[in-house]
Amino acid sequence: MEDVKAYIESGILELYVLGDMSAEEKLQVEGMASKYPEITAEINAIETSLELYARAQAVEPSENLRNRVLNSMVVNLGDDNTFTKSVTHRDDDNVPQLPAARVNSFYKYAFAACLTLLLISIYGLVNLYSQLQDSNAQIAALRLDKQHFANQVSLMDNQLDMYRDPSYKVLKLKGTAKTPTAAMILAWNAVSKKVMVDVQSVKLPKNDKQHQYQLWALVNGKPVDMGVFDAPDADTAGVKEMKAIASAQGFAVTLEPMGGSINPTMDEMVVIGTF
């Protein structure tokens, strides 16, 4: 049930109703709807909401516009002159000529009225289409905001779990004489062997494109490679998982060439800490 709820909240059903997806994605949504009545109900609710929104935003053309269009269509439709045609009887020249039936002007005005209504309908459809496009853009923007917010919440949850879990040992690495203001915090779980770096706590000089920072675990006095990373931006949050290790007495960070080194460059050590 949680998977169905997450699927509904993902925003894909709104894109399905708006037709903003590939044929393969559409088939996938319809397959899910056939399995789960909750998804079918949600699709129906979205369609109803969009229809209500379109009706609420519809713009009725003004009376002046209606009259102006109607007058422009009928002003030159022609007059109602009577055309006659002589009726000649070869057998009796004394039979009087009869006038032809008057052309009924009703049809002209009826045609003009229908054309006017057609133009007004086209105007309304164009206006409705524009509003639907705006609604589509708003839904897409809301979906992106929702995804961004969900990602931020997930990162914060991971960060909090790291500090709340008693199986993690939290270690603050302090700057060396080379970089006295540098610092960072990491947590190591001896059970799962995970090493997590608190990205927001990393205070290291910005590295260039030819170098990266490399984390080392200190195991019985020997350095063990734990992976490389770049100095994060000031507003970056979350945690970064490094390589796993079963045992460590401490950790250190050095500045190495891009991709890391086999052995640490000791004179490029920026932070270090031990348990």
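Refer to the structure above for everything that follows.
The structure reproduced in this document is the subject of the present report. (Residues numbered from 1 in each chain as written. Predicted model: local features only at pLDDT ≥ 70, side-chain atom pairs only at ≥ 80, totals over all residues. Heavy atoms only, no water.)

### Digging into the environment of Thr176
Alright, step 1. Mapped onto the elements of the fold, Thr176 is located in the loop between strand E1 (168-175) and strand E2 (183-189).
Alright, step 2. On the basis of relative accessibility, which here comes to 17%, the residue Thr176 falls in the buried class.
Alright, step 3. Within the structure, Thr176 has its side chain in polar contact with the backbone oxygen of Met269 (distance 2.9 Å). (Helix = DSSP H or I, 4+ residues; strand = E, 2+ residues; numbered from the N terminus. Buried < 20%, exposed > 50% of the residue type's maximum accessible area, 1.4 Å probe, protein only. Polar contact = N/O pair within 3.5 Å; in protein donor to acceptor, adjacent residues only side chain to side chain.)

### Some remarks on the layout of surface pockets
Alright, step 1. Quantified by volume, the largest pocket comes out at close to 160 Å³.
Alright, step 2. Every residue lining the largest pocket is listed: Val17, Leu18, Glu47, Leu50, Glu51, Ala54, Tyr129, Leu132, Gln133 and Asn136.
Alright, step 3. Those elements that provide at least two residues to the lining of the largest pocket are helix H2 (12-18), helix H4 (37-57) and helix H6 (106-164).
Alright, step 4. Each residue belonging to the lining of the largest pocket can be placed in one class, and the counts come to 6 nonpolar, 2 polar and 2 charged. (1 Å grid on protein atoms, 1.4 Å probe; cavity = no way out; pocket = protein on both sides within 12 Å on 5 of 7 lines; lining within 4 Å. Points joined across faces, edges and corners; volume = space filled by probe spheres on them. Nonpolar A, V, L, I, M, F, W, Y, C, P; charged D, E, K, R; others polar.)

### Points about the nonpolar core
Alright, step 1. Counting residues in hydrophobic clusters, the biggest one holds 24 residues, and the most contacted among them are Leu204, Leu215, Phe229, Ile245, Phe251 and Val253.
Alright, step 2. Listed by contribution, the elements that provide at least two residues to this core are E1, E2, strand E3 (195-203), strand E4 (211-219), strand E5 (222-229), strand E7 (250-257) and strand E8 (269-274).
Alright, step 3. A per-element tally of this core places E4 first, with 4 residues.
Alright, step 4. Filtering out sequence-adjacent residues up to four positions away, Leu204 remains in contact with Ala182, Ala183, Tyr213, Phe229, Ala231, Val253, Val270 and Val271.
Alright, step 5. One finds Val4, Leu15, Tyr16 and Ala33 within the second-largest nonpolar core, a separate group that totals 14 residues. (Core = buried A, V, L, I, M, F, W, Y, C linked by side-chain atoms within 4.5 Å. Contact = heavy atoms within 4.5 Å.)

### Digging into unusual backbone geometry
Alright, step 1. One non-glycine residue with positive phi stands out, namely Lys193, at about 70°.
Alright, step 2. Its place among the elements puts Lys193 in the loop between E2 and E3.
Alright, step 3. Phi at Asn220 is positive, roughly 50°, even though this residue is not glycine.
Alright, step 4. Inspection of the secondary structure assignment puts Asn220 in the loop between E4 and E5.
Alright, step 5. By relative accessible area, Asn220 is classed as exposed at 66%.

### Let's talk about a nonpolar patch on the surface
Alright, step 1. On the surface, Leu118, Leu119, Ile122 and Val126 cluster together to form a nonpolar patch covering roughly 350 Å² of accessible area.
Alright, step 2. You can see Val126 is positioned in helix H6. (Patch = residues over 30% accessible without salt bridge, like charges linked within 9 Å, V, L, I, M, F, W, Y side chains within 5 Å. Areas by Shrake-Rupley, 256 points an atom, 1.4 Å probe, with all protein chains shown as cover. Salt bridge = Lys/Arg side-chain N within 4 Å of Asp/Glu carboxyl O.)

### Comments concerning the environment of Leu50
Alright, step 1. As for its placement among the helices and strands, Leu50 is situated in helix H4.
Alright, step 2. By relative accessible area, Leu50 is classed as buried at 15%.
Alright, step 3. For the pair formed by Leu50 and Leu132, sequence separation is 82 residues and the distance between their alpha carbons is 8.3 Å.
Alright, step 4. For Leu50, the residues in contact, after removing those within four places along its chain, are Val17, Leu18 and Ile139.

By themselves, these are just geometric observations and shouldn't be taken as functional.
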